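Coordinates in review
Each chain, letter by letter, is given below.
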Amino acid sequence: MKSVITIKDVAKQAGVSISTVSRVINDSKPVTDEVKQKVLDVIKETGYIPNPLARSLVTKKSQLIGVIVPEVSDSFVNEILNGIEEVAKMYDYEILLANTYSDKEQELKSINLLRAKQVEGIVMICWNVEEEHISYIQNCGIPATYISKTARNYDIHTVSTSNKEATYDMTKYLIAKGHKDIAFVMTSKDDTVLEMERLAGYEQALEENGININKELIKYGGTNYEAGYESMKELLDEGKVPHAAFVTGDEAAIGAINAICDAGYKVPEDISVAGFNDVKIAKMYRPKLTTVHQPLYDMGAVAIRMVIKMISKEILESKKIELPYKIVERESVIERR
């Protein structure tokens, strides 16, 4: 069995001290070009891999950023992660991923775990960020950015979109298509700033167009397929058949479409359906989903860039960044005749 090559072995073979090898690896102090090349040649010949922990002790930098997610398989989270990983590579950072399954205790444990791994920063994607999460991270002294529907409640670094305006514009779009009885399926029962903003956008669009707000058409579900299905099934079982349904999550919107079809109605002929986020499945499903496009990749990219700036002590123009959205028209909404 081949023995593990150590920094001591490299130093001996190169005929230099261990500290010289360390200087070459970490580029911490100058050495002559001749000595540097000799050390690099030995490293290449032996296949020596520097110990990242030992290296971080010398450079005071681990080049690690922790990312906490509620569910790695969730399409919303997945697209944000793509942006995080791409930008991390650009700045020579590695990602340590902690999947918490939306369990608060696991989220708090993950913060401590990432701290033990000496991450330089944290991006926290969390359905419900609370004061305890924020205190844990702030007590660690680790720069952090949050992507969460509740993050807007706190004075922390956040990345989001203009939720009230986006919901208002989509509701107005449905009204312009001739729909008056518009069901609104919110993807959370939580009384958060985000949810209240979305509800306010929906209600404002109705009021401005002289449409009475029917509380019976407002349902509170969840972000996944099952939640959307159950919310729409409940609505139809109650005998309420809307002209259109605006579901504030694409996977939940697809669940709603299937509930409509299972009840004997057609989408979009009988009931039009709109979603929110524009994840990949929105354009893969049939009918293709009309939705609010959130720049999820960009949200991840901006979030980790904010963290890297904080690590580098750069000045941030704002703690709260809102990225632009747009309405994407596809097949699930038609003009009502």
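Our subject in this report is the structure included herewith. Source: prediction; values computed, not measured.

Criteria and thresholds
- Residues numbered from 1 in each chain as written.
- Predicted model: local features only at pLDDT ≥ 70, side-chain atom pairs only at ≥ 80, totals over all residues.
- Heavy atoms only, no water.
- Pairing = 2+ DSSP bridges.
- Helix = DSSP H or I, 4+ residues; strand = E, 2+ residues; numbered from the N terminus.
- Axes fitted to C-alpha atoms, helices over the stretch in contact; angles between N-to-C directions.
- Contact = heavy atoms within 4.5 Å.
- Buried < 20%, exposed > 50% of the residue type's maximum accessible area, 1.4 Å probe, protein only.
- 1 Å grid on protein atoms, 1.4 Å probe; cavity = no way out; pocket = protein on both sides within 12 Å on 5 of 7 lines; lining within 4 Å.
- Points joined across faces, edges and corners; volume = space filled by probe spheres on them.
- Nonpolar A, V, L, I, M, F, W, Y, C, P; charged D, E, K, R; others polar.
- Expected span 1.5 Å × (residues − 1).
- Arc of directions from axis to C-beta.
- Core = buried A, V, L, I, M, F, W, Y, C linked by side-chain atoms within 4.5 Å.
- Salt bridge = Lys/Arg side-chain N within 4 Å of Asp/Glu carboxyl O.
- Disulfide = S-S within 2.5 Å.
- Parallel < 35°, antiparallel > 145°, perpendicular 65-115°, else oblique.
- Left-handed = near helix turned anticlockwise from the far one by under 90°.
- Phe/Tyr/Trp six-rings, centres within 6.5 Å; stacked < 30°, edge-to-face > 60°.

Time to look at the sheet that holds strand β9 (residues 272-277). With mixed pairing, the 6 strands of this open sheet are ordered in space as β7-β6-β8-β9-β10-β12. Where the open sheet ends on each side, the last strands, each with one partner, are β7 (218-220) and β12 (326-328). Neighbour-to-neighbour, the strand axes of this sheet turn through a mean angle of 20°, independent of strand direction. As paired strands, strand β8 (residues 244-247) and β9 are joined by 3 bridges and run parallel to one another. The residue bridging Ala244 from the neighbouring strand is Ser272, located in β9. Against the sheet, helix α11 (residues 250-262) makes contact with β8, β9 and β10 (290-293), and its axis sits at roughly 165° relative to β9, the strand it touches most.

This part takes up the environment of Ile7. Secondary-structure assignment places Ile7 in helix α1 (residues 7-14). As for Ile7 and Glu331, which are separated by 324 residues in sequence, their C-alpha atoms are 62 Å apart. Among residues more than four places away in sequence, those in contact with Ile7 are Ile18, Val21, Ser22, Ile25 and Tyr48.

Inspection of the secondary structure assignment puts Asp278 in the loop between β9 and α12 (281-284). When near neighbours in sequence (up to four residues on either side) are disregarded, Asp278 contacts Glu79, Asp250, Thr291, Val292, His293, Gln294, Val328 and Arg330.

Quick look at the pairing of β8 now. Regular strands show a simple pattern: their side chains alternate between the two faces of the sheet. The alternating pattern of β8 places Ala244 and Phe246 and Ala245 and Val247 on opposite faces, both of which are buried. Strand direction decides the pairing type here: strand β6 (residues 182-186) and β8, joined by 4 bridges, are parallel. Looking at the pairing, Ala183 lines up with Ala245 of β8.

This paragraph deals with empty space enclosed by the protein. A complete count under the given rule lists 1 cavity of 30 Å³ or more for this structure. Taken as a whole, the largest cavity holds about 380 Å³ of empty space. What lines the largest cavity is a set of 27 residues, among which Phe76, Trp127, Arg198, Asn277 and Gln294 lie closest to the centre. Among the elements of the structure, α5 (75-90), β5 (158-161), α9 (193-208) and α11 are those that each provide at least two residues to the lining of the largest cavity. Looking at side-chain class alone, the lining of the largest cavity contains 9 nonpolar, 11 polar and 7 charged residues.

Its 13 residues give helix α6 (residues 104-116) an end-to-end C-alpha distance of 19 Å, which sits within 8% of 18 Å, the value for a rise of 1.5 Å per residue. Inspection of α6 places Glu107, Leu108, Ser110, Ile111 and Leu114 among the buried residues, and these make up the whole buried set. One side of α6 holds all its buried residues, which, seen down the axis, span an arc of 155°. Of the residues in α6, the exposed ones pointing more than 90 degrees away from the buried face are Glu105, Lys109 and Ala116. The secondary structure elements touched by the buried residues of α6 are β1 (64-69), β2 (94-99), β3 (121-125) and α7 (131-140). Positioned one or two residues after α6, Gln118 has a phi angle of 65°, which is positive.

Once that is clear, we can look at the nonpolar core. Grouped together as the largest cluster of nonpolar side chains are 27 residues, with contacts concentrated most on Ile84, Val123, Ile125 and Ile304. Looking at this core, the elements that each hand over two or more residues are β1, α5, β3 and α13 (296-311). Element by element, the count of residues in this core is highest for α13, at 10 residues. Leaving out residues up to four positions away in the same chain, Val123 has contacts with Gly66, Val67, Ile68, Ile84, Thr145, Ala303, Ile304 and Val307. Grouped together as the second largest cluster of nonpolar side chains are 22 residues, Val185, Ala245, Val247 and Ile271 included.

Attention now moves to the pattern of salt bridges. Applying the stated criterion across every chain, the model contains 11 salt bridges. The shortest N-O distance in the salt bridge between Asp155 and Lys319 comes to 3.5 Å. With Asp155 in the loop between β4 (144-147) and β5 and Lys319 in the loop between α13 and β11 (320-323), this residue pair connects regions lying 164 residues apart in the sequence. Under the relative-accessibility criterion, Asp155 is labelled exposed at 58%. For the salt bridge of Glu234 with Lys219, the shortest nitrogen-to-oxygen distance reads 2.8 Å.

Right, let's get into the state of the cysteines. This model, assessed by the stated rule, comprises 0 disulfides. We note that Cys140 lacks a disulfide partner, and the nearest cysteine sulfur, in Cys126, lies 16 Å from it. Look at Cys140 and you get buried, because its relative accessible area is 17%.

One way to put it is that α1 packs onto helix α3 (residues 33-46) with a least axis distance of 9 Å and a crossing angle of 125°. One element, α1, and the other, α3, form an angle in the oblique class. For α1 against α3, the interelement crossing comes out right-handed. Contacts between α1 and α3 involve Val10, Gln13 and Ala14 on the former and, on the latter, Lys38, Val39, Val42, Ile43, Glu45 and Thr46. Considering only residue class, the contact of α1 with α3 consists of 5 nonpolar, 2 polar and 2 charged.

Scanning all chains against the criterion turns up 5 aromatic pairs. For the ring pair Phe76 and Trp127, a centre distance of 5.9 Å and an interplane angle of 45° mean the geometry is tilted. In this pair, Phe76 is assigned in helix α5 and Trp127 in the loop between β3 and α7, connecting sequence segments 51 residues apart. On the basis of an interplanar angle of 15° and a centroid distance of 6.4 Å, the ring pair of Phe246 and Phe276 is categorised as stacked. On the criterion of sequence distance, the pair formed by Phe246 in strand β8 and Phe276 in strand β9 is long-range, its members being 30 residues apart. Among the residues examined, Phe246 registers a relative accessible area of 0% and is labelled buried.

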